[in-house]
Amino acid sequence: MSSMDGAAEVPRQVGQQTAAQRRAATPTMTWVTLALMTTASVASLRAAPTMAIYGLACVFLYLVPAIVFLLPTALVSAELASGWSGGVYRWVSEGLSKPLGFLAVWCQFAMTIFYYPSLLAFVASTIAYVLDPSLADNGVYTAIVIMVLYWTGVWVSSRGTKTLAGLSSWGLVIGTLVPGTILVVLGMVFLGQGNPSAAPMDASHLLPEWTGLASLVLIVNNFLSYSGMEMNAVHVSSLKDPAKEYPKSMFMAMGLVLLIFILPALAISWVVPADKLSLTAGVMQAFEAFFAYFDVGWMTPIAAVMLISASLAGMLTWLAGPSKGLLEISRHEGYLPPFLQQLNKYGIQQNILVTQGIVTSIIALGYALIPNVSSVYWIFSTITTQVYLIVYLLMFLAAVRLRKTHPDHPRGYRVPAIGVVCVTGFLASAAAMAIGFVPPSQFGGGSVWSYVLIVGGGLAILGLLIPWAFLKFRKPSWRQAAAQDAYEGEAS
């Protein structure tokens, strides 16, 4: 996700301390520590195959969204977090309106409905390399794995297992840093021994070949890869000198994230030709090719297990996170009906998880019904990005308005030239959303209008229609129906 593999993108929305309380209660954090935390929550190997298709041009395709999206998001969320506790709901509610605040927190939750099928499709293809590589492109197999793993995750999460809390940090090491380093080192040795790269590595290929707008569509996926910066912004008040240290922290994190994203993508492009690269199994394709070349094929299952364990750890650790934020807001404001506000005996929002699981299972059937697994994976990833971009569009608007309406409100950090930064981030997000409706060049043989209808329908229904319906038909009793005692006990 990407960040979403740590899924750390979704902060808790209410019940948080004020900025002053955080400064008093939280030990001072160094800017290097914050940079490493940010890297852990954003970096992932899962998106590498989508950029490996472009070979050396992936450097450009990663760098552009980092400058126009990653950096503005990090800086703006730092100012908002240092001035208003409560996450994106509070920011948008204070800056724009409460209904738009609900839309923002809803989209943070709703994007996971398509995120988990795409994440588990990656897991399914990786498992296939342990069992039978031919299964990686089998839609029925992929759908079955998605449903089995997701419902297992729901069962584990609904029991309130606290031992999963530290899994995301282990996931960074086991599933990203170690296999990513191995992949890059093997790739460099492979080239160093005189083997030709599958993708051209000369200066003439620094920019992607222009074959129309579709040639740049894969850049949209990078916006989701960089999402989640707003979560770590809550720590800005723990820095000794936020105005100076936070920008340094973000530049360091951006550099580390770019290295983790770019180098493995290049390594994949060195050994797997673009026309044979799977968007779900590309990482394992590269490992298999390198291990076969160096005659250590027995390491392929080990690499697969590392990637699988990291992805599942991320899913289990954060499965209930986005829905918990939505639940807490709804219990205070009455946005969801009482059925979805109920907690089980472990204090977990099981009804939301089960409802989400039913929808996820239906979506998973897309892998069984559409022949090309990579096509389904890309469509779901695009819908995920589209829905999540709504959050950032609202956040940039809210930041500009809060600076105008509350100029003297205490902030631990202030973005220099906030108007320019917010306009840049807003336009980049809007452009990414527009480009997301264009089918990528790899899927040019399919129907353009079918692709537009699927992506547009997913965005309209999930990102706009459903939250509008909740707001339209909510009743005053929904707010009173929340079991406040259970909520307060669970929150404490």
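Residues numbered from 1 in each chain as written. Predicted model: local features only at pLDDT ≥ 70, side-chain atom pairs only at ≥ 80, totals over all residues. Heavy atoms only, no water.

What follows concerns a nonpolar patch on the surface. Nonpolar side chains collect at one region of the surface, where W151, V354, I358 and I362 lie side by side and expose about 340 Å² of accessible area between them. For the nonpolar patch, the element with the most residues is helix α17 (residues 350–369), which contributes three residues. Tracing the chain through its elements places V354 in helix α17. Classification of V354 as partly exposed rests on a relative accessible area of 30%. (Patch = residues over 30% accessible without salt bridge, like charges linked within 9 Å, V, L, I, M, F, W, Y side chains within 5 Å. Areas by Shrake-Rupley, 256 points an atom, 1.4 Å probe, with all protein chains shown as cover. Salt bridge = Lys/Arg side-chain N within 4 Å of Asp/Glu carboxyl O. Helix = DSSP H or I, 4+ residues; strand = E, 2+ residues; numbered from the N terminus. Buried < 20%, exposed > 50% of the residue type's maximum accessible area, 1.4 Å probe, protein only.)

Now for the confidence of the model for the protein. For the protein, the mean per-residue pLDDT works out to 78, and 80% of the residues sit at or above 70. Ranking the elements of the protein by mean pLDDT puts helix α22 (residues 484–491) last, at 42, and helix α19 (residues 418–435) first, at 90. pLDDT under 50 marks residues 1–27. Its contacts with residues more than four places away, or in other chains, come to 87 contacts. Across residues 481–492, where pLDDT falls below 50, the model places 16 contacts with residues more than four positions away in sequence or in other chains. (pLDDT = per-residue confidence, 0-100. Contact = heavy atoms within 4.5 Å.)

When we look at a pair of aromatic rings, we describe it by the centre distance and by the angle of the planes. Under the definition given, this model contains 15 aromatic pairs. Ring geometry for Y116 versus Y150: centroids 6.0 Å apart, planes at 55°, classification tilted. With Y116 in helix α7 (residues 98–131) and Y150 in helix α8 (residues 139–158), the pair connects residues that are 34 residues apart, well separated along the chain. Both residues of the pair, Y116 and Y150, count as buried. For the pair W468 and F473, a centre-to-centre distance of 6.4 Å together with 80° between the ring planes defines the contact as edge-to-face. What makes W468 partly exposed here is its relative accessible area of 48%. By the ring-pair criterion, three or more aromatic residues cluster together here, those being Y89, F102, W106, F109, Y335 and F470. (Phe/Tyr/Trp six-rings, centres within 6.5 Å; stacked < 30°, edge-to-face > 60°.)

When the charged atoms of two side chains with opposite charge come close together, those side chains can pair. Per the stated rule, a full pass over the model turns up four salt bridges. Between R90 and E94 there is a salt bridge, with the nearest N and O atoms lying 3.0 Å from each other. Remark: E94 and R90 occur in helix α6 (residues 87–95); sequence separation between them is four residues, near one turn of the helix. Residue R90 is classed as partly exposed on the basis of its relative accessible area, which comes to 28%.

Another aspect to go through is the nonpolar core. Core analysis: the largest hydrophobic core is formed by 138 residues, its most contacted members being Y62, Y226, Y246 and I268. Sort the elements by how many residues they give to this core and α7 lands first, with 21 residues. Contacts of I268, omitting those with residues within four sequence positions, involve A48, P49, A52, L183, L277, G282, V283 and A286. (Core = buried A, V, L, I, M, F, W, Y, C linked by side-chain atoms within 4.5 Å.)

Take helix α20 (residues 448–473) next. The terminal C-alpha atoms of α20, which comprises 26 residues, lie 35 Å apart, in line with the 38 Å expected from a rise of 1.5 Å per residue. Approximately 35° is the largest bend angle found in α20, and it occurs at I461. Within the span of α20, buried status applies to Y451, V455, G456, G458, L459, L462, G463, P467 and F470. (Expected span 1.5 Å × (residues − 1). Bend = angle between axes of the 7 residues up to and from the residue.)

This paragraph deals with the side chain of S361. Position of S361 relative to the elements: it lies in helix α17. Side chain to side chain, S361 and W151 meet in a polar contact 2.8 Å long. In contact with S361, not counting residues within four places along its chain, are M147 and W151. (Polar contact = N/O pair within 3.5 Å; in protein donor to acceptor, adjacent residues only side chain to side chain.)

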